[in-house]
Amino acid sequence: MIALYVRFVLKDEAAAVGFDELVARTTPLIEAREPGTLQYVVHLVADAPLSRAFYEVYADQAAFSAHERQPHVKQFMAERQQYLASYQVDFLAPAGGKGLPR
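Residues numbered from 1 in each chain as written. Predicted model: local features only at pLDDT ≥ 70, side-chain atom pairs only at ≥ 80, totals over all residues. Heavy atoms only, no water.

A. Quick peek at a nonpolar patch on the surface. A surface patch of nonpolar side chains, about 300 Å² in accessible area, is lined by Tyr87, Val89 and Phe91. For Val89, the position within the fold is in strand β4 (residues 84-92). (Patch = residues over 30% accessible without salt bridge, like charges linked within 9 Å, V, L, I, M, F, W, Y side chains within 5 Å. Areas by Shrake-Rupley, 256 points an atom, 1.4 Å probe, with all protein chains shown as cover. Salt bridge = Lys/Arg side-chain N within 4 Å of Asp/Glu carboxyl O. Helix = DSSP H or I, 4+ residues; strand = E, 2+ residues; numbered from the N terminus.)

B. Examining helix α3 (residues 71-80) more closely. Within the span of α3, buried status applies to His72, Val73, Phe76, Glu79 and Arg80. Burial along α3 is one-sided: seen end-on, the buried residues are contained in an arc of 135°. Facing away from the buried side of α3 by over 90 degrees, the exposed positions are Pro71, Lys74 and Ala78. In this fold, the buried residues of α3 make contact with β1 (2-10), α1 (13-33), β3 (48-58), α2 (61-69) and β4. (Buried < 20%, exposed > 50% of the residue type's maximum accessible area, 1.4 Å probe, protein only. Arc of directions from axis to C-beta. Contact = heavy atoms within 4.5 Å.)

C. Broad picture of the nonpolar core. One finds Phe8, Leu10, Phe19, Phe54, Tyr58, Phe76 and Tyr83 to be the most contacted residues of the largest nonpolar core, which totals 20 residues. Looking at this core, the elements with two or more residues in it are β1, α1, β3, α2 and α3. With six residues, the single largest contributor to this core is α1. If near-sequence neighbours (up to four positions away) are discounted, Leu10 is found in contact with Ala15, Ala16, Phe19, Leu50, Arg52, Tyr83, Leu84 and Ala85. (Core = buried A, V, L, I, M, F, W, Y, C linked by side-chain atoms within 4.5 Å.)

D. Fine view of the layout of surface pockets. Approximately 210 Å³ is the volume attributed to the largest pocket. Sort the elements by how many residues they give to the lining of the largest pocket and α3 lands first, with four residues. In the lining of the largest pocket, the residues fall into 13 nonpolar, two polar and three charged. (1 Å grid on protein atoms, 1.4 Å probe; cavity = no way out; pocket = protein on both sides within 12 Å on 5 of 7 lines; lining within 4 Å. Points joined across faces, edges and corners; volume = space filled by probe spheres on them. Nonpolar A, V, L, I, M, F, W, Y, C, P; charged D, E, K, R; others polar.)

E. Main features of the sheet that holds β1. Pairing is antiparallel across the open sheet formed by four strands, whose spatial order is β2-β3-β1-β4. Among the strands making up the open sheet, the edge pair consists of β2 (37-45) and β4. Averaged over all adjacent pairs, the angle separating strand axes in this sheet is 15°, with direction ignored. For β1 and β4, the ladder comprises eight bridges, and the chain directions are antiparallel. Directly across from Leu4, in β4, lies its bridge partner Phe91. (Pairing = 2+ DSSP bridges. Axes fitted to C-alpha atoms, helices over the stretch in contact; angles between N-to-C directions.)

F. Expanded view of the packing of aromatic side chains. A full pass over the atoms with the stated rule returns ten aromatic pairs. When the centroid spacing of 5.6 Å and the interplanar angle of 80° are considered together, the rings of Tyr40 and Phe54 count as edge-to-face. On the criterion of sequence distance, the pair formed by Tyr40 in strand β2 and Phe54 in strand β3 is long-range, its members being 14 residues apart. Residue classification places Phe54 among the buried positions, given a relative accessible area of 1%. Aromatic pair Phe64 and Phe91: ring centres 5.7 Å apart, planes at 90°, arrangement edge-to-face. Residue Phe64 is found in helix α2, and its partner Phe91 is found in strand β4; the two are separated by 27 residues along the sequence. Relative accessible area serves as the criterion here: at 11%, Phe64 is assigned to the buried category. (Phe/Tyr/Trp six-rings, centres within 6.5 Å; stacked < 30°, edge-to-face > 60°.)

See the structure below:
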């Protein structure tokens, strides 16, 4: 299992609207077309209205690689750049907890 935490900081309120629309178009495709993507959760960040946090869990490296190759993910990655002030990706190694696949 592979997990990611991604924090996006958006340029301004207009960028936040555009980014949220992009996410709204992309996430249904991830849900419908990526069986190896176990969780793909987008969060608003309390007290940081220009931030978004993603928590992603993949069955394994092959599932993550398949996610990265999807046309809708490539489109998301290309289009998101116009909205971003910065972003950080942290790869996580789940060590246990409620709700994780076994």
